[in-house]
Amino acid sequence: MNPGFDFDAAVGAPFRMQPGLRKLAPTTAQLTALNPAAPAFSEKLAVLTRHAGDALVCAPGFDPLPALQALAHEAARDQGTGLSADADGVSSHELGCRVHWDGELAAVGRPSALHREAAACLAALPASQRLPGLLSLALHEDLAIVDGVRATLPWMAVCLPSHWAPSEKVGRSFAAVHGPVADNATLIAASQHLTRLVCQSQRWERFVWNLTTHPLHDQHPARHARQPWPDDPQAVAATAYWRTEHQTFIPLPALQQAVFTIHVNVQTMAQAIATPRQAAALRAALSTMSDAVLAYRGLGPARDALLAWLAARAST
């Protein structure tokens, strides 16, 4: 299970599409070191090596450097991230790379195969993308910047999207970004308030989940088409994956901005829904989804089979 994902807070009935923000204590760690042995690392490395232009995107005229410098120093304060930052740049000892604020790349420590692979990926990026590239490889979280004044998302480093393309969202308003979301009236109505709120001093988190046939963290629609559910109801549970996102906001009030973090985790449904209580809660949530939400999430064809499996798991 995603270490920051609160199942009890996230999974409830009746299911509603809503902001679902919850306050975080000021000292709560919001960034996680990305283990190079984890599948998410190899997926991020592949995206940044082959499709960096799809993942590292910036609205024309926007300068993300002040927010990224603040983010790097925030990450460095948490020794668990393996990052260090100073007046000149940020270093990852795990990856053996240092990126200066101007994008200059340097080696750190004794080279290893991992160091050479990471350095080759970063060296191939334009100088302006090396800092985002290093942060993307060093941290499990995907990242975006929220502009509280304009209520937009002017910059993103998103390697592991869930069936959406960062290039189609960057620079757009919060309301426009969430336009395709089913039953989105509450989200849209609160968009201006929410973008101002998360850029103030209070820290926030929220949780997103879905069941999918896709086993990868990276679900960019141009790279990975949706995989249909099996026609055989008995096979649905065996192909179901539990995808969660623990999303947080790191406020930067002096800039009237915030860094939006997205920690993605994917497990088989059978692994993730491990107790009768969890199965009963998920069944209740799924059974109360509207047809529009089921269609938006791609769950319509599998709903009845998933409900049957969850009912059986809840009774054990």
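This structure is a prediction, so every number in the text was calculated from the model and none was measured. (Residues numbered from 1 in each chain as written. Predicted model: local features only at pLDDT ≥ 70, side-chain atom pairs only at ≥ 80, totals over all residues. Heavy atoms only, no water.)

Colleague: Describe the overall build of the protein chain, listing the residues and the values that go with them.
Modeller: Across its full length, the protein chain holds 15 helices and 11 strands. Against the globule reference of 20 Å for 316 residues, the protein chain gives a C-alpha radius of gyration of 20 Å, in line with a compact fold. The C-alpha extent of the protein chain, read off along each of the three principal axes, is 55 × 45 × 35 Å. Residue burial in the protein chain is summarised as follows: out of 316 residues, 51% are buried. Partitioning the intrachain contacts of the protein chain with sequence separation of at least 6 by distance along the chain shows that 68% fall at a separation of at least 24. Total accessible area on the protein chain is roughly 13,800 Å²; 53% of this is exposed by carbon and sulfur atoms. The average position of the 24 basic charges and that of the 25 acidic charges among the side chains of the protein chain differ by 4 Å. (Helix = DSSP H or I, 4+ residues; strand = E, 2+ residues; numbered from the N terminus. Rg over C-alpha atoms; globule rule 2.2 N^0.38 Å. Buried < 20%, exposed > 50% of the residue type's maximum accessible area, 1.4 Å probe, protein only. Contact = heavy atoms within 4.5 Å. Areas by Shrake-Rupley, 256 points an atom, 1.4 Å probe, with all protein chains shown as cover. Lys, Arg positive; Asp, Glu negative; His and termini not counted. Charge placed at Lys NZ, Arg CZ, Asp CG, Glu CD.)

Colleague: I'd love a proper account of the nonpolar core, names of residues and values included.
Modeller: Grouped together as the largest cluster of nonpolar side chains are 60 residues, with contacts concentrated most on Leu 71, Leu 95, Leu 135, Leu 137 and Val 146. Top element by residues in this core is strand β11 (residues 257-268). It accounts for six residues. Residue contacts for Leu 71: discarding those within four places in its chain leaves Leu 31, Leu 135, Leu 143, Ile 250 and Val 259. Phe 7, Trp 242, Ala 302 and Leu 306 belong to the second-largest nonpolar core, a separate cluster that totals 31 residues. (Core = buried A, V, L, I, M, F, W, Y, C linked by side-chain atoms within 4.5 Å.)

Colleague: Any details on the sheet that holds strand β3 (residues 83-85)? Residues and values, ideally.
Modeller: Sheet strands line up and pair through hydrogen bonds in the backbone, either parallel or antiparallel. An order of β3-β4-β5-β6 is seen for the four strands of this open sheet, with the pairing classed as antiparallel. Two strands bound the open sheet, and with one partner strand each, they are β3 and β6 (105-107). Across this sheet, the average inter-strand angle for adjacent strands is 20 degrees, counted without regard to direction. In this sheet, β6 lies alongside strand β5 (residues 97-100) in antiparallel orientation, the contact comprising three bridges. Residue pairing for β6: Val 99 is matched across the bridge by Leu 105. Contacting β3 and β4 (89-92), helix α4 (residues 65-77) crosses the sheet at an angle of about 125 degrees to β3. The sheet contacts of helix α5 (residues 113-123) involve β5 and β6, and relative to β5 the element is tilted by about 25 degrees. (Pairing = 2+ DSSP bridges. Axes fitted to C-alpha atoms, helices over the stretch in contact; angles between N-to-C directions.)

Keep in mind these numbers describe shape, not what the thing actually does.
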